[in-house]
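# Residue-level structural notes
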Amino acid sequence: MSASQPPRSPRSPELPDAPSPNVTGTGTPTLLVKIFGKDRPGITAGLFDTLAAFSVDVVDIEQVVTRGRIVLCALVTDPAAGGATEGNLRSTVHSWAESLKLQAEIISGIGDNRPRGDGRSHVTVLGNPLTAESTAAIAARITSTGGNIDRIFRLAKYPVTAVEFAVSGTATEELRTALAPEAAGIGVDIAVMSAGLSRRAQRLVVMDVDSTLIQDEVIELFAAHAGCEEKVADVTERAMRGELDFEQSLHARVALLAGLDASVVDKVRAEVRLTPGARTLIRTLKRLGYQVGVVSGGFTQVTDDLQERLGLDFASANTLEIVDGRLTGRVVGDVVDRAGKARLLRSFAEQAGVPLAQTVAIGDGANDLDMLNTAGLGVAFNAKPVVRQAAHTAVNVPFLDTVLYLLGITREEVEAADGLVD
């Protein structure tokens, strides 16, 4: 041992490495067996039972069923290694297929599938409807970046059509940059995310509240009881467009609520309407082990109630000052503004033990932009144009649970989980 190297600490002997898989060499003859026709139980078992007679090894399998029609592909080694002939295999497979009124195609070749290019991404497309024209435009733009579409499958058929493209051969950021303007031009929503283990990791999802988790602007609900709804709504709209400083606009709007009886808090809580799909989104994320939080430029008098009702892990908002049973027209403590939302996202992530790269932020207004850009995935939900242009992706349908599709979760998986008792 070199004098410069520290002595190794005693440890148990290492286990031997697992044996390398039997990878088919690039020069090894293989056969691609394709079966297509009307689907029924037993086709897959029947094909491989037929192939088993020729002692072939299975290199790859792919099966798709669409509207009751099956396409089954099996890449297998040449039967010559087992003493049989390719002709015998072809004849036997064709006879088996004909007996079931299926079609068979067998293609000779060399080796396994060609390696996929560097750079792998998941491209999720939401359409309502998803047209052939928009699908063609998306596929063409992927190709123009040097990407190859390796696989496509449907995530959901309602309330929107959601499909996912597995793409290789181009960097995720480059693909996202290319597809964002295409999506805006053809009227679909597109999310581009890196493929890999991180997509399946437990994550943290943080949402804005007003016009995101709920359909309302909470301060406007309070204003309706104070008789100043129009004045507050005008200031709110200008702030959301980024025309006014949020903190100044917040103080101006809250001042109009001075003198309201504190009992109005319970009335506002009862008036809050959850966004369609909000309960499904949160329930599904929690079942998957995700942590979920909200940050709001609204008020803890409402977000605390939402946290309890929905089982949220984190919640932070401004607090209306109440003295002697009446609203004073002031807020207490630090204001949750645009920068504050981003800070809270970082804080929640640290508490949850989740890297920022594995966080998802959802919001609709200009004061959400810092949070959306800080998260690993920022989703503009039915957002103002300035927000849609700056976020990683946009969802422009009124169903909050469509965010699940961006995470690769299918509608069938959601419904199956809903059918179980927690």
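Residues numbered from 1 in each chain as written. Predicted model: local features only at pLDDT ≥ 70, side-chain atom pairs only at ≥ 80, totals over all residues. Heavy atoms only, no water.

### Description of unusual backbone geometry
At the junction of N128 and P129, the peptide bond is cis and its omega measures out at 5° in the coordinates. For P129, the location among the structural elements is in the loop between β5 (120-127) and α3 (132-144). The step from Y158 to P159 runs through a cis peptide bond, and the omega angle for that step is 0°. Position of P159 among the secondary structure elements: in the loop between β6 (148-156) and β7 (161-168). The backbone of R67 shows a phi angle near 45°, a positive value even though the residue is not glycine. One non-glycine residue, N382, lies in positive phi territory at about 45°. Mapped onto the fold, N382 is located in the loop between β14 (377-381) and α13 (385-390). On the basis of relative accessible area, N382 is assigned to the partly exposed category, the value being 32%. (Helix = DSSP H or I, 4+ residues; strand = E, 2+ residues; numbered from the N terminus. Buried < 20%, exposed > 50% of the residue type's maximum accessible area, 1.4 Å probe, protein only.)

### Quick word on the layout of surface pockets
Of the voids in this model, the second largest pocket is the one considered here, and its volume is about 430 Å³. Every residue lining the second largest pocket is counted, 24 residues in all, and those nearest its centre are A180, A183, A184, V188 and A394. For the lining of the second largest pocket, the elements supplying multiple residues, two or more each, are β5, α4 (172-186), β8 (189-194), α13 and β15 (393-395). Class assignment for the residues of the lining of the second largest pocket results in 14 nonpolar, 7 polar and 3 charged. (1 Å grid on protein atoms, 1.4 Å probe; cavity = no way out; pocket = protein on both sides within 12 Å on 5 of 7 lines; lining within 4 Å. Points joined across faces, edges and corners; volume = space filled by probe spheres on them. Nonpolar A, V, L, I, M, F, W, Y, C, P; charged D, E, K, R; others polar.)

### Points about the confidence of the model for the protein chain
Residues with a pLDDT of 70 or more make up 92% of the protein chain, whose mean pLDDT is 90. Segment residues 1-23: pLDDT under 50, and 3 contacts once partners within four positions in sequence are set aside and those in other chains are kept. (pLDDT = per-residue confidence, 0-100. Contact = heavy atoms within 4.5 Å.)

### Considerations on the pairing of strand β9 (residues 204-207)
A two-sided burial pattern is seen for β9, the buried positions comprising L204 and V206 on one face and V205 and M207 on the other. Looking at chain direction, β9 and strand β13 (residues 359-363) are connected through 4 bridges and run parallel. Looking across to β13, one finds that M207 is bridged to I362. Looking at chain direction, β9 and strand β10 (residues 291-299) are connected through 4 bridges and run parallel. Bridge pairing in β10 links V206 to G293. (Pairing = 2+ DSSP bridges.)

### Looking at empty space enclosed by the protein
Counting across every chain of the model gives 1 cavity of 30 Å³ or more. The computed volume of the largest cavity comes to approximately 140 Å³. Along the walls of the largest cavity sit 15 residues, with D210, E217, F246, G297 and G298 positioned nearest its centre. Residue assignment for the lining of the largest cavity shows that the elements contributing at least two residues are α6 (229-240), α7 (246-255) and β10. Sort the elements by how many residues they give to the lining of the largest cavity and β10 lands first, with 4 residues. Grouping the amino acids of the lining of the largest cavity by side-chain chemistry returns 5 nonpolar, 5 polar and 5 charged.

### Notes on the nonpolar core
Within the largest apolar cluster, 60 residues are counted, with the highest numbers of intra-cluster contacts made by M207, L213, F222, F299, L306 and I362. For this core, the element with the highest residue contribution is helix α5 (residues 218-226), accounting for 5 residues. When near neighbours in sequence (up to four residues on either side) are disregarded, L306 contacts V209, L213, I214, V272, L274, G311 and L312. If you look at the next biggest cluster of nonpolar residues, it comprises 21 residues, including F348, V354, A375 and A380. (Core = buried A, V, L, I, M, F, W, Y, C linked by side-chain atoms within 4.5 Å.)

### Some words on the sheet that holds β5
One open sheet accounts for 4 strands, arranged β6-β7-β5-β8; its pairing is antiparallel. Whereas interior strands pair on both sides, the edge strands pair on one side only; in this sheet they are β6 and β8. When the angles between neighbouring strand axes are averaged without regard to direction, this sheet yields 20°. Inspection of the sheet shows β5 paired to β8 by 6 bridges, in the antiparallel sense. Considered in β8, the bridge of V123 is made with V192. Where α3 meets the sheet, it contacts β5, β6, β7 and β8, and its direction lies at approximately 15° from that of β7. (Axes fitted to C-alpha atoms, helices over the stretch in contact; angles between N-to-C directions.)

### Let's talk about α4
Here α4 contains 15 residues, and its C-alpha end-to-end distance of 21 Å stays within 8% of the 21 Å for a straight helix at 1.5 Å per residue. The sharpest bend along α4 comes to roughly 25°, located at L179, with the proline P181 sitting one to four residues further on. For α4, every residue scored as buried is listed here: T172, L175, R176, A178, L179, E182 and A183. Against β5, α3, β7 and β8 lie the buried residues of α4. One or two steps after α4, the chain reaches G187, where phi turns positive at roughly 80°. (Expected span 1.5 Å × (residues − 1). Bend = angle between axes of the 7 residues up to and from the residue.)

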